[in-house]
Amino acid sequence: MARLADYFVLVGYELDKRGSRDGQGQILQRFPEKDWEDNPFPQGIELFCQPSGWQLFTERNPPTFFVAVLTDISSERHYCACFTFWEAVESAQSHSRNGEEEEEASASHVQPAQLFAPKSLVLVSRLDHTEVFRNSLGLIYTIYVDGLSASLENVIGNLLTCTIPITGGAQRTISLGAGDRQVIQTPINDSLPVSSCSVALLFRQLGITNVLCLFCAALTEHKILFLSSSYQRLTDACRALLALMFPLKYSFTYVPILPAQLLEVLSTPTPFIIGVSSIFHSETQELLDVVIADLDGGTVTIPECIHISLLPEPLLHQTREALSMILDPELEVADLAFPPSTVSAPSLKMQDKEIRAVFLRLFAQLLQGYRWCLHIIRIHPEPVIRFHKAAFLGQRGLVEDDFLTKVLEGMAFAGFVTERGAPYRAIDLFDELVAYEVKRMRAEEGSKQKILQHIKELAEQLYKNENPYPAVTMHKVQKPTEGCYLRLHQRPFPRLDEGTVQWIIDQATAKLQTAPPAVKAEKKCMVPSGPPIAAIMERNGSALANSARRLEVVRNCISYVFENKMLEAKKLLPAVLRAMKGRAARHCLTQELNLHVQQNRAVLDHQQFDFIVRMMNCCLQDCTAMDEHGIAAALLPLVTAFCRKLSPGITQFAYSCVQEHVVWTNIQFWEAMFYCDVQNHIRALYLESNGENHVDEEGKEGPQEEKSALEIASEQRRLWPTMSREKQQELIQKEESTVFSQAIHYANRMSYLLLPLDTSKNRLLRSSGLGDVESVSNSFVTNSIAGSVAESYDTESGFEDAESSDVANYVVRFINRFVDKVCTESGVTNEHLKGLHIMIPDIVQMHIETLDAVHRESKRLPPIQKPKLLRPSLLVGEECVMEGLRVYLMPDGREEAAGGNIGGPPLLPAEGAIFLTTYRIVFKGTPSDPLVGEQVVIRSFPIASLTKEKKISTTVQTDQFIQEGLQLRSCTFQLLRIAFDVEVASESAEVFRKHLHKLRYPQHVRGTFAFTVGQSPKQAMQPKAKEKNPSLRTLSKNLVKNAKKTIGRQYVTRKKYTPPAWEHRSSQHFQEDDEDEISVSEEIDRSTLTPSTVIKPSDKMTMSHLVERACCRDYQRMGLGTLSNSLTRSKNEPFRISTVNRMYAICRSYPGLLIVPQSIQDNTIQRISRCYRQNRFPVVCWRNSRTKAVLLRSGGLHGKGVVGLFKSQNTPAAGPSQTDSTSLEQEKYLQAVINSMPHYADASGRNTLSGFTSAHMSSAGKWGSIRASGRMSNYVLNMEIGSRLAGKDLLSAQHNGAPSEASFLRQHRASLYIIGDKSQLKGAKPDPLQHWEVVPIEVFDVRQVKASFKKLIKACVPGSPSTDPSLTYLRTLEESEWLSQIHKILQISVLVVELLDTGSSVLVSLEDGWDITTQVVSLVQLLSDPYYRTMEGFRLLVEKEWLSFGHRFSHRGAQTLAAQSSGFAPVFLQFLDCVHQIHLQFPMEFEFTQYYLKFLSYHYVSNRFRTFLLDSDYERIELGLLYEEKGERKSQQVYKSIWDYIDRLNKKTPVFFNYMYAPEDGEVLRPYSNISNLKVWDYYTQEVLSEGPSYDWELVQGQPEQVEEVDRQDSSAPQTKRKIIWPCYDNRSRVEPDAISKLLEELHNLEAELGQVPECWKDVWDKVKASQRTETRQEVSRMASSSLLMSSSLLPHRRSLGVYLQESGVGSTLNLSLDSDTSSTSTPSSGKQGGRKSTSNLYSQFQMSESENRSYEGTLYKKGAFMKPWKPRWFVLDKTKHQLRYYDNRNDTECKGVIDLAEVESITPGTPTMGAPKTVEEKAFFDLKTTKRVYNFCAQDVQLAQQWIDRIQSCLSDA
């Protein structure tokens, strides 16, 4: 029972304070005057009676009534029902307090305006019975106003003594003794709030969305302010909001009506629900973080800075729908054609309950299964319960949900757990709903009718709870007469007699004390838990099936690990690690591992341990700090179980390897874990005690045994009151010690996971831990209660300390904090707590000591999981400088290898080792991803090509440590991003860098690999300053030796030089074996030349060698001049070969022999050369055989001496100075060149236009386009040729890059154009008298080439994936401007080609004459002369223009230390790229393939060959490079010249040969140069990771001795299996060769099988072409030629008929040419002066010997088998195949038999038998005994026989 009202108070206006601005109220009387013991009198009631302030009014207002709510210190609510009416205030003059006197006075004076003051009757109660209060106070007012007979004291006394039951649905009728009657109904269940109609009204005022918004704001602890002009509405709205929150209780500030004086409360930092009169609307404007709901206007205002988390979908939507069905039932039928006549709207009270039912359902759905996440830590003396928030969110799948997370963290939910967590208590509607109805709600989700039905049922229950007796007798309460408050003469409210009232109260109290206490037995019971969450949450079927397969994989992998099937496990591991993204797989892993622990399999070997740790780490890395799925919790016992023995007595547990996870630093995780374990132990404690009683029933009890902890607790709570005192104490103690022992256990566990293995490192989970832990305060742990408890131990904020103090202290503090929090919460005694605090530092210290030992031992472990280092295969003569350092090859910006957008498993990162050899840097290893673990990844580049090296630090995926690394960039477009393994000491890495640097930049060029090859690496010599003579002396030594060899031979002395035989076109021999096919007698061609008598005898030897140089051979080919410098012989020759530079005195960078006009003397040349940079004066390098125009090259002009040459002649000269004479000589020189041209005989000395065009037309060249074929390509160059080239809009006239045809304006043409640099020719004016014209053009300098190349490399091989989306590959490519430079070079070259083709000579005179000049001059010759498009010709071109004319290869390639600063400038590469562009446009014009160009690109920087070393012929001679002795070869494989190597390789394999080669005679190529026509060379972007760069042929082929196996590894059998070809891994041309290579290879295999001598591929090819041609002739008549051109789109303007086989690879497009007229074999040789030999001859010298490795061969007589005669046979001894083969005769290709040397037992001298050749001596016979039979042989003579015997013996001994 409870009092209906505690206090009755009369509050009035305080008249004494009338002068002050604000009025005040004062309490006039209160009853009872003493406070009740159980309920003190609340303060500040006078403020709440007039919430908007006490004021006087000028007229009477009707009485008002509202209920304010006050909250006392113990958060009890007091309801203050205020009934206010107005009384007239007596005027200020009359001081008497008596009403009667005042009336008399007022009658006599003039009445001032009367004022009225408010007066309030207040009831204070702890019960909320608004209507009863309204009636009771109304009755008191009625008695006073209408002057009824009842005594006010009596009524008030009765009111204060009236007691009613609190709950239980009782009905009580009360009467206050004034003839009144009221019925009070109490709610059945106290815990359900009473709302009457307030909720329905709130929805009416604000609407569904707004109320939902407020609801969510209240639950997520935002501040909410209601505004209304009605106080009662404010109270109702606040009450409604609280009713909606049921079963959660609002625990913050709750003031439905806030008085004006307390408005500053609104700026409190804590959440609140407050109501304020709308008068103060303006005061609320500046509140920035308050949600304001205006009840009168129906709006809710949310400030910008606030984000309200709404309900999770689908709940939000469902709630909205349900509310709309209740509040707006018409909505459903609004669209119907025949709406039902009436839609019955329920009463407001019923609607109110229906709305609440919706919210009750909502909470049941939100919190379903919450009881399964409660941890009961203590049962006795009082239950202590904690909620496992993370697990709840995880199981509900709402981890990400903002709303629920905030609700669970809020105070309201904490209260909910405390109140409703208890296992044994009374239950209410909500408990039943959440336990029993959840399934039903799930089932009904879709059906509106069923939902509505359920809502109505719930609403019924709620309604019944508030109104248990619906048929209530009517209240009978007197009301005052209408308008009575307006009466003029109303006497004031009388002063009540305290005595009377007190007496009534005392009597009633005495009566109550005597009455027996009414004990209402609470119905306590066990609270039902409902179904566990997992049972409710339905799952997706397909996902389940999918995950089942994954789980299978996880299980298999684990069982493989434990069965020690490591290879199997390794293959599955990546799949397992990927599966770990899924929760099911992680659970599965923990379960499986747990099983193995139970089976005592926890001690693992190193590899198993490694696998288990990797899985655990992967499993943990996706766990958040909350560990919502309990993965970390499940792993926690496992990480302390699995271990490996490091050495006797030292064991390493798994926890030392899984510490890097944020979850271990989250104190909330540890608390949840701790509570969970404590609950299990306490459950076990009671199960055991029960078990003692039921041992015998064990069998029956099986199923029921599994009682949850809550059930046990509930049972214990039920029994508690019945237990004896001792028993109670014993249980309390047992529980306390259980908790205490767990605390010790956890202190240990935490030290395991928080102390790093290497405690010396201060790696304290700092940054790693804190990402998104919800409760990060400034202290790193948590700002929960623990924080305050731990203050005693840690006054600082955890963070700074962690930095400064050592790890141990930090961990101790962390654990202390944890222990304090959990022990305080779970009631551990203080003594125990103190003991713990003493123990913790010792625990940590002990653990650190054991860890030190483990750390020491684990360092000594051999790294087991690491794959063994694979050694790279080396070239002959290449040696390792540094053994392999274990590294990871990290992916760079190229996506392919990392499995980027192309897909495919990631080949990188790969683990392996980096090797430094004398020649290359090689990485060899295997991919880290075990799916591709069997593959081998090789990435290498020559050391000489290294352009940039920088240190990087990267994270290797497998372990999270940051590692030191290097990024090495090479100009062969390769990038090695390596991270050194942990085991590699930083010193080793440093040594590696130093070695690398030393090898990259040797002191002198002698230190490069091409020189050191074959020597053991030693320090390079310092270069000595040599004079010229000694170097020439060494040279002559060589020459003398050569001369001796040829003495005694006969040769004709010729005046004219004949080119050396084809075989010897290079300055060195082919690298053949000693017994080469080339007979000794042919060697005399080396020195066929006897120079004319004018040359001094001392120079003769030098000359003989100069003559052999490439340039000289080329001059002979073009018929440019003779070697004589007397004018007697060859007046008719316009040019002569001058020896003026033979000692390299005039120009060091020019060759020894130069071509100059016949009329110019050598001494003139010397003077002219001074005008040019580097003394590079103009010399002829090519002559057009048709127009006889010549191409000259020179360096740029020096600043001074020249300008006179070009400036107009009328400049006044200062007298005949030195400059004048030289410029005159220059003019003479140029005039001599012009005079040499045949059509210079024109009268005016000009080419007329007609002459020019006809000359031009006759040479219809070819443009590399399809359209151009039909168009006449005759265009005349503009007036200013250079302006086109100089301008930025390069050749804008024609889109395809062909020069424009517009201008035929030029009336005449210069005979010589000088192409010079615009910047140097500033002063030059065109001079009408001269026959030459200067074309100034803008060119880029080497600096720009360098810069461009750097950008190009970065674009093609980026160091890291680009984060900036604007920097795409194409964008960076464009910014590099590489293609625009190529465009420029091609454009100038095409211009020069045009000029030469139209009969004008051209002098290219740019920069120093060795960079761009060389590029242009070489390209011009390549485009103009088909000879240079053959392999031989291209070689000659490079030797002549690049090597002899002194392109500075060493300087541009930064090959030595001296050149290091100058950096790498790829001038030659740019030239090769231009050739590649031309090759693409004219694929049929080149004898060599693109691979040939790539091969040169690679090796010109690789320093493997000596060809491209040094800067000029002079330097090469000085080093003795040019003329080497014949016998100087060391090992068979070491080539000094790249050309030898290419030749040799070309005999073995057609890799350099272009099958589409079908040249057209005299073809001048004019490629398009526009950037749109240029392609990026695939040399820059392609990569083959399976074998490294494919340009070191021996390495790619495997071991050097297999080279002859044509270029295929898997030539074993035609395989039909599908092959997977990975981009960037496989060498496509090898795995998937083009058709012809494939056929040649199959042929080779067949021949090998049949035991025939394999034919040279070239012979086969030529035969095929010949037969094709004959077939075609017959077919053409029958077939339309178009069908033969299968891919006619290729180049339709070709005359040839071709069969095209489009294939990819080295020879990318194949053409079996069907030419009848212009095939490669039938090209007529153009005259004696060295036209090209027919291609068939080209290869005849190779015959088959090479491809077959003949070690020795000759004719022997062989006795046949039994009774067969002796016959001569041609025998071949093959060392490689280890066999002796014989043929019918020398040219026979079919092998007649093979003797396997492995079967030979002995060789003995033989005897002649019957039928043997007669003429032979006896000693020439010998026998060969094999295991099968004896062979009888006979040689021609004794020496030969001896030789054969020796050879065979040596073969046998070799084997």
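Residues numbered from 1 in each chain as written. Predicted model: local features only at pLDDT ≥ 70, side-chain atom pairs only at ≥ 80, totals over all residues. Heavy atoms only, no water.

A. Just helix α14 (residues 429-443), in detail. When the terminal C-alpha atoms of α14 are compared, their 20 Å separation across 15 residues agrees well with the 21 Å that a helix rising 1.5 Å per residue should span. Maximum bend of α14: about 65°, positioned at E437. Of all the positions in α14, only L429, F430, D431, L433, V434, A435, V438 and M441 are classed as buried. Capping of α14 at its N-terminal end is provided by D428; its side-chain oxygen lies 3.1 Å from the backbone amide nitrogen of F430. (Helix = DSSP H or I, 4+ residues; strand = E, 2+ residues; numbered from the N terminus. Expected span 1.5 Å × (residues − 1). Bend = angle between axes of the 7 residues up to and from the residue. Buried < 20%, exposed > 50% of the residue type's maximum accessible area, 1.4 Å probe, protein only. Polar contact = N/O pair within 3.5 Å; in protein donor to acceptor, adjacent residues only side chain to side chain.)

B. View of a nonpolar patch on the surface. Together, Y1369, L1370 and V1576 make up an exposed nonpolar region whose accessible area comes to about 270 Å². Within the secondary structure, L1370 is located in helix α43 (residues 1369-1376). (Patch = residues over 30% accessible without salt bridge, like charges linked within 9 Å, V, L, I, M, F, W, Y side chains within 5 Å. Areas by Shrake-Rupley, 256 points an atom, 1.4 Å probe, with all protein chains shown as cover. Salt bridge = Lys/Arg side-chain N within 4 Å of Asp/Glu carboxyl O.)

C. Fine view of the packing of helix α20 (residues 583-598) against helix α21 (residues 606-621). Viewed as axis vectors pointing N to C, α20 and α21 meet at an angle of 145°, and their least axial separation amounts to 10 Å. Crossing of α20 over α21 shows left-handed handedness. Residues R586, L589 and L593 of α20 lie in contact with α21, whose contacting residues are I612, M615, M616 and C619. (Axes fitted to C-alpha atoms, helices over the stretch in contact; angles between N-to-C directions. Left-handed = near helix turned anticlockwise from the far one by under 90°. Contact = heavy atoms within 4.5 Å.)

D. Looking closely at the pattern of salt bridges. Across all of its chains, the model carries 71 salt bridges by this definition. In this structure, R555 and E592 form a salt bridge, with 3.4 Å as the shortest nitrogen-oxygen distance. Here the residue R555 occupies a position in helix α18 (residues 541-562), and E592 occupies one in helix α20, the gap between them amounting to 37 residues. Judged by relative accessible area, which is 29%, R555 ranks as partly exposed. The partner of K821 in a salt bridge is E671, and the shortest N-O contact between them spans 2.9 Å. One end of the pair, K821, is in helix α30 (residues 807-825); the other, E671, is in helix α23 (residues 667-693), and 150 residues separate them in sequence. The residues K821 and E671 share a single accessibility class, namely buried. Within this structure, D1114, R1117, R1193, D1425, K1440 and E1441 form a network of salt bridges that share partners.

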